[in-house]
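# Observations on the model geometry
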Amino acid sequence: MALPPVWSEMRAGILLLSVLSLLSARLVGAAQDSGTVIPAESRPCVDCHAFEFMQRALQDLKKTAYNLDTR
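Since we're looking at a predicted model, the values are computed, not measured.

### Let's talk about the overall build of the chain
- Within the chain, the secondary structure is distributed over two helices and zero strands.
- A burial count over the chain gives 6% of its 71 residues as buried.

This is how it looks when you write it as structure tokens:
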């Protein structure tokens, strides 16, 4: 049974919000750790990490959408 386009957009939005909430929860947990401090020069760029993460999430969404469309 084919779902209306609104449902597939809602599903993609819910998945994206879930991914973002998991990412923010992970960042909050990392901020509460009292380990050693890594110098900024040796840490990767936060924006680069976020971009790569979102790029992988979008690829997963595309793959899921394609799988659902082929069913």
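Further notes follow.
### Let's talk about a nonpolar patch on the surface
- A cluster of nonpolar side chains, namely W7, M10 and I14, defines an oily patch on the protein surface of about 330 Å² accessible area.
- Mapped onto the secondary structure, I14 falls in helix 1 (residues 5-32).
- Judged by its relative accessible area of 51%, I14 falls in the exposed class.

### Remarks on the environment of L58
- Note on placement: L58 falls in helix 2 (residues 46-70).
- Separated by 42 residues in sequence, L58 and L16 have C-alpha atoms that sit 8.5 Å apart.

### Points about the environment of L61
- Within the secondary structure layout, L61 lies in helix 2.
- Residue class for L61 comes out buried when judged on its relative accessible area of 16%.
- For the pair L61 and L15, spaced 46 residues apart in the sequence, the C-alpha separation amounts to 8.1 Å.
- Setting aside residues no more than four positions away along its own chain, L61 makes contact with A12 and L15.

About the criteria used
Residues numbered from 1 in each chain as written. Predicted model: local features only at pLDDT ≥ 70, side-chain atom pairs only at ≥ 80, totals over all residues. Heavy atoms only, no water. Helix = DSSP H or I, 4+ residues; strand = E, 2+ residues; numbered from the N terminus. Buried < 20%, exposed > 50% of the residue type's maximum accessible area, 1.4 Å probe, protein only. Patch = residues over 30% accessible without salt bridge, like charges linked within 9 Å, V, L, I, M, F, W, Y side chains within 5 Å. Areas by Shrake-Rupley, 256 points an atom, 1.4 Å probe, with all protein chains shown as cover. Salt bridge = Lys/Arg side-chain N within 4 Å of Asp/Glu carboxyl O. Contact = heavy atoms within 4.5 Å.

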